[in-house]
Amino acid sequence: MPTLRFATGLPQGLRFAEETKSDADRPLRGVHPLSPDKALDDGQVRHHLVVVRRCDPRLGERDRLNRFLARLTATGAAALAIALPPGTETQPSVRAAARHHGMPLLTVGDDPPTWFQLHSAIVDEYHARTLRTATLHRQLLEQIHHLGGPEGIQRLVTWLAGFAGAQVAVVPPLGSTCTVAPAGAGLLLDPAREKVAQLSSAGQGWASLELADLDPTPGTADLQIRLFRIGAARPAPVLAVGAPAFSPDTNIAIARTLDLLAVQTAAEAAARGNERLRRAEESVRQAILQLLMTGNVTEAQRTARCLIPGILDVDECQVFILKSRRTERTSVIQDCLEAVGSATIVSACPAFSDQVVVIAPGPSTEYEAMDGLTAVVRAAPHRYLGASTTRQLADTAQAYGDASRALVVAQRTSTRIHQYTADVQLAHILDERADTWAHARLAPLLGLPESRREQLLATLRLGLDFTPAAAARILGTHRNTVARRLSAAAGLLEADLQDIIQRAVLGLALELGTRVERAPALHEPTGIAQVLDTDEVRCWAREFLEPLSRGRRHLIDTLSAWIEANTHIETTAAALDLNPATVRSHLRQAQNLIQRRLVSGSTADEDLDLPGAHDVVLALAVLPEMPIRL
């Protein structure tokens, strides 16, 4: 809206009889001439300049003058103008009364056409400003649509710089990178660094500072520089605007931009807070997974209570592994959380960057978890799901292995979902002699102090299934630390962890689990060959290898040669006079049939140390017709 300052700048000769700064900024919409015989109309004079002649009787008598001025004030008139003939002045009594009522007093020529010209100029300016305000609001609405986005502040700064023809910069707190427009606008901050810091830490909602007393930098000498505090945070971002002059439209644009910047910065702060919370929850979930994978059930339960009270206060669990593209794992985790997060532990797999692990505690959540995760898999064609059978919570690592085997099958089926079919585990059919053997085999570790014993046992269990780098990610420690622990365990056990047969034997000893740790020495120590020399074990081996015996003798031959070559593809190929690609093809066929991972199918699989080969080694070794011996 135009102001009295605008009207006094027009050529029609309107002047202040007595001027104050606040009077000049009063809004003005037009001119309203008032003849002596015309009463004051309340609805027509608001924000108008009321013009009366010097001889108007309402200006003569003191009481009548006061009533007139009081009425002007009550009706919202912008000011009173006295039309004076040339060479005359406003009466002192009128000036004093106007001051008393706070009514701005001006003078204008005693020529009615001049009043109408003045009115037309004010109305034209009012309409022009209304149009500019509508344009401003339309552009601001466009900016509102982008609030909360990653480029929100840059868009607002660029828009304000273009609209006002100014140099604009937003200085975030704590010394972060400034957002400027145009590119060189950051120069206007150089003379104002100290003032920016003061304003950022001030307790005011917002404020502005004139920096005329500062030494300008090149490119800013002709600019007025103003600073505005954004929002009420402490410290707060600061908006710096440099322009040759600040028009009313520029001031309005700055005020509205400050409002939007406050919303944008608050949204960004909330987004950062949410991201910190998400990462913290993600770390807690991963810590729970790592604790369960290493057998620390009590610690996992205690940690889980901070996330979802009571979620792990169960005896059993089922493990799911969902594989997707690495680039979308964060969004897949969010999908899993939305689908089943309230009843399960959802975590990024610490070992593989393309996998998500979901632990469904207790039988009551397993069907819900399978249904929810199935929907997540169906949402994209490159997602696969492997599910374990139900296991004891203390056997989460074994359940993870089951789910991993199921994932191998899922990647080669049209449904892209597979649940591990529980087969008879070798450790389950061994008698007490196996406990005695395992106890003797692991005795150098079991005799260590508890903290060191649990540390080496947990690392060894993972080290037999994963590379040191992957095991380190699961344990949350450095790969060199894992390598040192594995070396220490191997030294105590006098085992060569590079030999697949010795790895399989150690894996069996560890798979006996708590039976090993509490087994009394009821039998004389015996060797592994004697422990496995039973009809039940040979029956287990034949059933395990049975899928490979149906016209697929070449697969068993390849597996035997592969084990004898310590799982080296090239050595196996040379021994069988085959191409290495053919050996790999045979291994892939075999792993699909026996549900054991035998060969890497992707870059991510290279972190697995072929744990599926352990059962193959033991099954081949117990059959007399096979060449493998322990």
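Before any of the text, the structure's been laid out above.
Residues numbered from 1 in each chain as written. Predicted model: local features only at pLDDT ≥ 70, side-chain atom pairs only at ≥ 80, totals over all residues. Heavy atoms only, no water.

Re the overall build of the chain
Here's step 1: Looking only at helices and strands, one finds 25 helices and 16 strands in the chain.
Here's step 2: Taken over C-alpha atoms, the radius of gyration comes to 42 Å for the chain, far larger than the 25 Å a tight globule of 630 residues would show.
Here's step 3: Structurally, the chain occupies a C-alpha span of about 135 × 50 × 50 Å along its principal axes.
Here's step 4: Burial statistics for the chain: of 630 residues in total, 49% are counted as buried.
Here's step 5: When contacts within the chain are restricted to residue pairs at least 6 apart in sequence, those whose partners lie at least 24 apart make up 66%.
Here's step 6: Here the chain contributes 65 positive and 70 negative side-chain charges, whose respective centroids are spaced 6 Å apart. (Helix = DSSP H or I, 4+ residues; strand = E, 2+ residues; numbered from the N terminus. Rg over C-alpha atoms; globule rule 2.2 N^0.38 Å. Buried < 20%, exposed > 50% of the residue type's maximum accessible area, 1.4 Å probe, protein only. Contact = heavy atoms within 4.5 Å. Lys, Arg positive; Asp, Glu negative; His and termini not counted. Charge placed at Lys NZ, Arg CZ, Asp CG, Glu CD.)

Looking at the side chain of Lys 323
Here's step 1: Tracing the backbone through its elements, the reader meets Lys 323 in strand β11 (residues 316-323).
Here's step 2: Polar side-chain contacts of Lys 323 include one of 3.1 Å to the side chain of Gln 411. (Polar contact = N/O pair within 3.5 Å; in protein donor to acceptor, adjacent residues only side chain to side chain.)

With respect to the sheet that holds strand β5 (residues 105-109)
Here's step 1: With respect to topology, 5 strands assemble into an open sheet ordered β1-β5-β4-β3-β2, the strand pairing being mixed. The sheet terminates laterally at β1 (15-18) and β2 (30-33), the two strands that pair on one side only. This sheet shows a mean twist of 35° between the axes of neighbouring strands, independent of strand direction.
Here's step 2: Pairing of β1 with β5, which is carried by 3 bridges, proceeds in the antiparallel orientation. Bridge assignment links Glu 18 to a residue of β5, and that residue is Leu 105. (Pairing = 2+ DSSP bridges. Axes fitted to C-alpha atoms, helices over the stretch in contact; angles between N-to-C directions.)

Overview of the packing of helix α3 (residues 62-75) against helix α4 (residues 92-101)
Here's step 1: In the contact formed by α3 and α4, the axes pass within 10 Å of each other and the chain directions differ by 40°. The pairing of α3 with α4 is recorded here as oblique in orientation. When you trace α3 past α4, the crossing you get is right-handed. Every residue of α4 that contacts α3 at Leu 65, Asn 66, Leu 69, Ala 70 and Thr 73 is listed here: Ser 93, Val 94, Ala 97, Ala 98 and His 101. (Parallel < 35°, antiparallel > 145°, perpendicular 65-115°, else oblique. Left-handed = near helix turned anticlockwise from the far one by under 90°.)

As for the pattern of salt bridges
Here's step 1: Per the counting criterion, the structure on display carries 24 salt bridges.
Here's step 2: For Arg 305, the salt bridge goes to Asp 313, with nearest N and O atoms at 3.4 Å.
Here's step 3: Arg 305 gets classed as partly exposed once you look at its relative accessible area, which sits at 42%.
Here's step 4: Asp 313 sits in the partly exposed class, given a relative accessible area of 44%.
Here's step 5: Put simply, Glu 125, Arg 129, Arg 132 and Asp 249 are held in one network by salt bridges that share partners. (Salt bridge = Lys/Arg side-chain N within 4 Å of Asp/Glu carboxyl O.)

Observations regarding the nonpolar core
Here's step 1: Counting residues in hydrophobic clusters, the biggest one holds 93 residues, and the most contacted among them are Leu 312, Phe 466, Leu 508, Leu 532, Leu 559, Ile 563 and Leu 620.
Here's step 2: The contacts of Leu 532, once residues within four sequence positions are left out, are Leu 426, Leu 430, Leu 508, Val 537, Leu 618, Val 622 and Leu 630.
Here's step 3: Among the nonpolar cores identified, the runner-up in size contains 24 residues, and Leu 160, Phe 228, Val 241 and Leu 260 belong to it. (Core = buried A, V, L, I, M, F, W, Y, C linked by side-chain atoms within 4.5 Å.)

Remarks on unusual backbone geometry
Here's step 1: Going from Ala 181 to Pro 182, the amide bond is cis rather than trans, its omega being -10°.
Here's step 2: Its place among the elements puts Pro 182 in the loop between β7 (179-181) and α7 (193-201).
Here's step 3: A positive phi is found at Asn 566, a non-glycine position, where the angle reads about 60°.
Here's step 4: Of note, Asn 566 is situated in the loop between α22 (553-564) and α23 (569-576).
Here's step 5: Phi is positive for Asp 577, which is not a glycine, with a value near 60°.
Here's step 6: For Asp 577, the location among the structural elements is in the loop between α23 and α24 (580-594).

Notes on the packing of aromatic side chains
Here's step 1: Tallied over the full model, the rule gives 4 aromatic pairs.
Here's step 2: Their ring planes at 50° and their centres at 5.9 Å tell us that Tyr 400 and Phe 466 sit as a pair that is tilted. With Tyr 400 in helix α12 (residues 396-410) and Phe 466 in the loop between α15 (450-465) and α16 (468-475), this pair connects stretches of sequence that are 66 residues apart.
Here's step 3: Here Phe 466 falls in the buried class, since its relative accessible area comes to 3%.
Here's step 4: A ring pair is formed by Trp 540 and Phe 544, whose centres lie 5.6 Å apart and whose planes are at 15°; its orientation type is stacked. Separated by 4 residues within a single helix, Trp 540 and Phe 544 lie in helix α21 (residues 535-545), roughly one turn from each other.
Here's step 5: Among the residues examined, Phe 544 registers a relative accessible area of 8% and is labelled buried.
Here's step 6: Members of the aromatic cluster, joined through ring pairs, are Phe 352, Tyr 400 and Phe 466.
Here's step 7: The positively charged end of Arg 129 is found above the aromatic ring belonging to Phe 6, 5.8 Å away from the centroid.
Here's step 8: The aromatic ring of Phe 246 is capped on one face by Arg 226, whose charged end is 4.0 Å from the ring centroid. (Phe/Tyr/Trp six-rings, centres within 6.5 Å; stacked < 30°, edge-to-face > 60°. Lys NZ or Arg CZ within 6 Å of the ring centre and 35° of its normal.)

Here we look at the layout of surface pockets
Here's step 1: Here the second largest pocket defines a volume of roughly 550 Å³.
Here's step 2: A per-element tally of the lining of the second largest pocket places helix α8 (residues 248-293) first, with 4 residues.
Here's step 3: Here the residues of the lining of the second largest pocket are counted per class, giving 5 nonpolar, 3 polar and 5 charged. (1 Å grid on protein atoms, 1.4 Å probe; cavity = no way out; pocket = protein on both sides within 12 Å on 5 of 7 lines; lining within 4 Å. Points joined across faces, edges and corners; volume = space filled by probe spheres on them. Nonpolar A, V, L, I, M, F, W, Y, C, P; charged D, E, K, R; others polar.)

Here's the deal with the pairing of strand β9 (residues 224-229)
Here's step 1: Of all the 6 residues making up β9, 5 are buried; the element is thus mostly covered by neighbouring parts of the structure.
Here's step 2: With 6 bridges joining them, β9 and strand β10 (residues 238-243) adopt antiparallel strand pairing. Its bridge partner being in β10, Leu 227 is matched across the sheet by Ala 240.

A few points about α7
Here's step 1: Residues of α7 that are buried: Val 196, Leu 199 and Ser 200. An end-on view of α7 places all buried positions within 100° of arc, on one side of the element.
Here's step 2: Those residues of α7 hidden inside the fold are in contact with β6 (167-171), β9 and β10. (Arc of directions from axis to C-beta.)

Notes on the pairing of β11
Here's step 1: Burial within β11 is extensive, with 7 of its 8 residues counted as buried.
Here's step 2: Judged from the 7 bridges that link them, β11 and strand β13 (residues 355-361) form a sheet pairing that is antiparallel. Pairing of Phe 320 across the sheet is with Val 358, part of β13.

Focus: the environment of Asp 395
Here's step 1: Tracing the backbone shows Asp 395 in the loop between β15 (391-392) and α12.
Here's step 2: Measuring from C-alpha to C-alpha, the distance between Asp 395 and Cys 306 comes to 22 Å, with 89 residues separating the pair along the chain.

Re the packing of α21 against helix α25 (residues 613-622)
Here's step 1: Their axes nearest at 9 Å, the elements α21 and α25 cross at an angle of 120°. For the element pair α21 / α25, the angle class is oblique. The element α21 and its partner α25 pack so that their crossing is left-handed. Residue-level inspection shows Val 537, Arg 538, Trp 540, Ala 541, Phe 544 and Leu 545 of α21 in contact with α25, the latter providing Asp 615, Val 616, Leu 618, Ala 619, Leu 620 and Val 622.

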